[in-house]
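Notes for the structure review
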Amino acid sequence: MSNPFENLPTTPTGEEVIDKAFSRATRAGGSKDGIEAQQSMLMTASNIVSDNLQNVAQSWPTIDDLDPFYVELADAIVGDAYPADDDPGIDALKQHLSEVSWAGRKAKEIRQEYEGRLVRGDKDTARKLRKQAFARMADVVEEVEDDLAAVSKARDALKGIPDIRPDEPTVVVAGYPNVGKSSFVNRVTRADNKIASYPFTTTQIRVGHFEDGRIRYQLVDTPGLLDRPPEERNEIESQAVSALEHVADAVLVLVDPSEECGYPLDQQLELRDDIESRFDAPVLTIANKSDRSTDVEADHYMSVTENDNVDAVLQAAIDAVGYEIELPFDDE
C-alpha cells in the first residue's frame, strides 16, 4: 500500500461550489420557459452542490480501514495542521468530512422540498420559490466553508507523506547525525532512493530499496525523528515515531565509537536504549567507522567509507526481519 492520500482531488472552496452551481443553473434555465425553467435551474444547482460536496467526502479513504502506520502518521500531521481545533488530529478531520457530507445531502433535501411546490403555482411564484431554494443552498454551503478549508489543508499536508509501504518488510535506520546512516542507506540500496520531508519538519527522510531472494526490502533513514533524545522531539514528531513503530520489522541503530560525529558515545547509547524500549521489532547496534574505533559493545562492526563488513550488516538486518514469502497452497 502506497500513500493512500497521494491522489486526493483538490478541495473546492464554498464560493467555488456556489458559483459553479448557480452559473450552470442559469444556463440550464435559459433554454426553457416558465415553471420548467425554474425546475431545471433548481435541479441543476442542487445536483452540482450535492455532487461536489459528496465527492469531497467520498474521495477520502475510510480512515479506520487504513494501516495503523498511516492512521497514526495522519493523526500527527493533521494535528499539526489543526492546532486551534478543540480536538486536533484525525478525529477532527473525520468531523470536517462528516459536515461536508451532511451539506451535500442537505442540498438534495432542499431540492426535494421545493420540487413539488414549484409546479403548484404560476411562473412568478415558481421563480420566488426557486430563489428561496438557492438562498438556502447557499446558506448550507456557507455553513461548511470552514470544514472545506480544513479538509483542503489536511489534503495538502497528507499528500506529501513519504512513500513508506507498510506491506513491505522494512528496516528503520536510526542514530545521531553524522554516524553514517545516509552513507549506509546509499551504499546498500538501489539508485532510485526517494527523498521526501514530513510535512511538519524541514528535515528530509530517505527511503531506499534492495532485493534479496526475490523479496523487496525497504530501508528508511529517519533524520529529524530518530536522531536525538526523545525529550527533544515535539509532540508531533513523537507521534510520527509511534507511527514508525507500526512499520518497522527491524531497527539498525548506528553508533560512532570514535565520537567524530560530535556526540558522546554514552548519549548515542542512551538513544539506542530508548529505541529498544519503544520498538517491538529487533534492534541491532551497529558500530560504524570501525577503521577509527571499535571501543563499544555492538552486534556488528563496519566501516561504510572503507566498505568493510557492510554486506554482513545488511544480511544481519535481513535475518532480523525474518520475512518469508507467503505461498498459496492447495489444501485439496
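Residues numbered from 1 in each chain as written. Predicted model: local features only at pLDDT ≥ 70, side-chain atom pairs only at ≥ 80, totals over all residues. Heavy atoms only, no water.

Under an unreviewed UniProt entry, the name given to the chain is GTP-binding protein, and the organism recorded is Haloarcula pellucida.

With domains assigned, the chain is organised as domain 1 (14–159) and domain 2 (170–321). Between domain 1 and domain 2, the C-alpha centre-to-centre distance is 46 Å. Contact residues are listed per partner, giving 10 residues for domain 1 and 11 residues for domain 2. Between domain 1 and domain 2 lies a buried interface of about 940 Å² when both sides are counted; carbon and sulfur atoms form 72% of it. Connecting domain 1 to domain 2 are zero salt bridges. Between the two partners, domain 1 and domain 2, sit one residue pair in polar contact (both at pLDDT 80 or more). (Domains from an automatic or database assignment. Contact = heavy atoms within 4.5 Å. Buried area = accessible area lost by both parts, 1.4 Å probe. Salt bridge = Lys/Arg side-chain N within 4 Å of Asp/Glu carboxyl O. Polar contact = N/O pair within 3.5 Å; in protein donor to acceptor, adjacent residues only side chain to side chain.)

One non-glycine residue with positive phi stands out, namely K289, at about 60°. Summarising the element assignment, K289 is placed in the loop between β6 (283–287) and β7 (300–301). Residue K289 is classed as buried on the basis of its relative accessible area, which comes to 17%. (Helix = DSSP H or I, 4+ residues; strand = E, 2+ residues; numbered from the N terminus. Buried < 20%, exposed > 50% of the residue type's maximum accessible area, 1.4 Å probe, protein only.)

Within strand β5 (residues 250–255), six of the six residues are buried, which leaves it mostly tucked inside the rest of the structure. Judged by which residues are buried, β5 turns out to be covered on both faces: A250, L252 and L254 on one side and V251, V253 and V255 on the other are all buried. In terms of strand pairing, β5 meets β6 through five bridges, oriented parallel. Looking across to β6, one finds that V253 is bridged to T285. As a crossover connection, the stretch from β5 through helix α9 (residues 265–278) into β6 is right-handed. (Pairing = 2+ DSSP bridges. Right-handed = clockwise from strand over helix to strand, strands pointing away.)

With that settled, consider the packing of aromatic side chains. Going through the model one piece at a time under the given rule, you end up with five aromatic pairs. Seen in terms of ring centroids, F22 and F134 are 4.4 Å apart; in terms of plane orientation they differ by 0°. Their pairing is stacked. With a gap of 112 residues between them, F22 in helix α1 (residues 14–30) and F134 in helix α5 (residues 123–143) connect regions that are remote in the sequence. Considering the side-chain rings of F69 and Y70, the 5.0 Å spacing of their centres and the 65° angle between planes classify their relative orientation as edge-to-face. (Phe/Tyr/Trp six-rings, centres within 6.5 Å; stacked < 30°, edge-to-face > 60°.)

Attention shifts here to the pattern of salt bridges. All chains considered together, the criterion is met by 16 salt bridges. One salt bridge in this structure joins R117 and E113, with 3.9 Å as the shortest N-O distance. Placement of the pair is R117 and E113 together in helix α4 (residues 90–118), with a separation of four residues, close to one helical turn. Looking at E113, the relative accessible area reads 37%, which means it is partly exposed. The partner of E260 in a salt bridge is R292, and the shortest N-O contact between them spans 2.4 Å. Here R292 lies in the loop between β6 and β7 and E260 lies in the loop between β5 and α9, a separation of 32 residues in the sequence. One salt-bridge network, held together by shared partners, links E113, R117 and R136.

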